[in-house]
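Fold and geometry: a report
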Amino acid sequence: MNTTRSATPGLAPAVRATAPHARRALARGGVWLACALLAGPALAQSFPNYPITPGQRSTAQQVAQAGVPLSELAPNAPERYTIQRGDTLWDISSLYLKRPWRWPELWGMNLQQIRNPHLIYPGQVLVLTRVGDRAILSLEGGGVPTVKLSPRVRAEALSDSAIPPIPLNVIEPFLTESLIVDEAQHSRAPRIVAAPDNRVLLSRGDRAYARGQYGPGGSAEGSALRVAKGEPRHFRVYRNAVALNDPSTGELLGYEAQFIGRSELVRSETAQLGGDEIVPATVQITGSKEEIRVGDRLLPEPPRDVPSYVPQPPSTAQAGQIVKVHGNAVHFAGQNQVVILNRGARDGLQRGHVLAVLKDASQVPDRTDDARPTLHLPGERNGHMIVFRTFDRVSYALVLQIADGVKVGDRFVNP
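Residues numbered from 1 in each chain as written. Predicted model: local features only at pLDDT ≥ 70, side-chain atom pairs only at ≥ 80, totals over all residues. Heavy atoms only, no water.

Let's shift gears to the packing of aromatic side chains. Following the criterion strictly, the structure yields two aromatic pairs and no others. Taken together, a centroid distance of 6.1 Å and an interplanar angle of 65° make the contact between phenylalanine 391 and tyrosine 396 edge-to-face. With respect to class, phenylalanine 391 is no different from tyrosine 396; both count as buried. Among the aromatic residues, those joined into a cluster by ring pairs are Phe388, Phe391 and Tyr396. (Phe/Tyr/Trp six-rings, centres within 6.5 Å; stacked < 30°, edge-to-face > 60°. Buried < 20%, exposed > 50% of the residue type's maximum accessible area, 1.4 Å probe, protein only.)

See below:
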């Protein structure tokens, strides 16, 4: 029996038989539109409604059929390429383009594809077409690979097999465990205040006692923990919040908190402000990355973040600096390492934005001149990085291509 797997993340699991009329629809209308029509209006409405900037909308409308100039193609861009497991969108973009962030133009993305870009799967064949002085990339034969299945039923969630934009194994901890809080959130965060039997260390399955922050004289500085409708029940546990300061101004941008576990609120906190009787809330430790201690703090569990985006340049001018380098390197970052930037969502940065990293300008004496004047060497482009998570005032970015080490204080601009 021949079947084809729908390239629509909304099907999970998704195995759908290919009828002749379906194959014709795929050939005529393109794989994504056809899949949406085959699955019906409900599936079309289930596509993630990711925000589209005016710049993205304008680009999509202008280049959906135009492609990119031949001068933008990489020197050895292949005429045909079969998608392999382990490929990323950035890998493929770099294979075809001198400037990989122009991928939406080469791919001819329409507005629906920008909302839901994970539509490329292992086994599909990319075909590069040159028309005049332009080039367009498309999928061979409608793009949905046909596979043979044995008589037993198999199911596969295609949302998990689509190629990611960048290596997800590198950024996964920063998507699920990164905690950036501002000064007010950190100072008012509830804290674990005691453990049964005067225990010092806690782990999964243990119970602990927590309360909101209260100031001198019983004045409330935070909210009491309550089991009530509309109140958070699940919390992340963190400690050692590290201040993130702007390299140039010294301004406090926020705190990066060390994630150590998760907890669930079991019983509400009660407190008589100004009195001596305080009954802390009871929490159950549901997971721990390391031992949890009295004094560790709690933050409500945020909504799960789904990384769906394509490499693209920012729609506004960007200029900033690297605040922190993650990984084994304390001072320098190399390829596939994560850095924190001093610009965030309020500055117009979005996940998927590609930025150019600059080396610091330096001063050297002119040894060819007896007067030894000082030469101010300009900052050179050192490589590229892609933003994968944003907060209000800071962002996480992955270093993609680099010529020399990246360090705290290095500047970045539009690519």
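On to the nonpolar core, then. With 21 residues, the main nonpolar core has Ile166, Ile171, Ile386, Phe388, Val394, Tyr396 and Leu398 as its most contacted residues. With 19 residues, the next largest nonpolar core counts Trp103, Ala135, Leu137 and Val310 among its residues. (Core = buried A, V, L, I, M, F, W, Y, C linked by side-chain atoms within 4.5 Å.)

What follows is about the sheet that holds strand S28 (residues 411-413). Reading around the circumference, S19-S21-S26-S25-S22-S28 is the order of the six strands in this closed barrel, with antiparallel pairing throughout. With strand direction ignored, the average angle separating the axes of adjacent strands in the sheet is 45°. Looking at chain direction, strand S19 (residues 319-325) and strand S21 (residues 338-341) are connected through three bridges and run antiparallel. Following the sheet pairing, valine 325 is matched in S21 by valine 339. Lying on the sheet, helix H9 (residues 168-176) is in contact with S21, strand S25 (381-390) and strand S26 (395-402); it crosses S25 at an angle near 45°. (Pairing = 2+ DSSP bridges. Helix = DSSP H or I, 4+ residues; strand = E, 2+ residues; numbered from the N terminus. Axes fitted to C-alpha atoms, helices over the stretch in contact; angles between N-to-C directions. Contact = heavy atoms within 4.5 Å.)

One can find glycine 86 in the loop between strand S4 (80-82) and helix H5 (89-96). A relative accessible area of 69% places glycine 86 in the exposed class. In this structure the C-alpha to C-alpha distance between glycine 86 and proline 167, which are 81 residues apart in sequence, comes to 8.4 Å.

Detailed conclusions should not be drawn from predicted coordinates in areas where pLDDT is low. With 70% of its residues at a pLDDT of 70 or more, the protein shows a mean pLDDT of 74. The low-confidence segment residues 155-159, where pLDDT is below 50, has 17 contacts with residues more than four positions distant or belonging to other chains. Confidence over residues 216-220 falls short of pLDDT 50; this stretch has seven contacts with residues more than four positions distant or in other chains. (pLDDT = per-residue confidence, 0-100.)

A word on the side chain of arginine 236. Tracing the sequence through the fold places arginine 236 in strand S12 (residues 234-245). Here the side chain of arginine 236 touches glutamate 301 through a polar contact of 3.0 Å, side chain to side chain. Excluding anything up to four places from it in sequence, arginine 236 contacts Thr176, Glu177, Ser178, Leu179, Phe259, Gly261, Arg262, Arg297, Leu298, Leu299, Glu301 and Pro302. (Polar contact = N/O pair within 3.5 Å; in protein donor to acceptor, adjacent residues only side chain to side chain.)

The strand order across the open sheet built from four strands is S3-S6-S5-S4, with neighbouring strands paired in antiparallel fashion. Sheet topology places strand S3 (68-69) and S4 at the edges, where each strand pairs with a single neighbour. In the sheet, S4 pairs with strand S5 (residues 125-131) via three bridges, with the strands oriented antiparallel. Of the residues in S5, the one forming a bridge with arginine 80 is valine 127.

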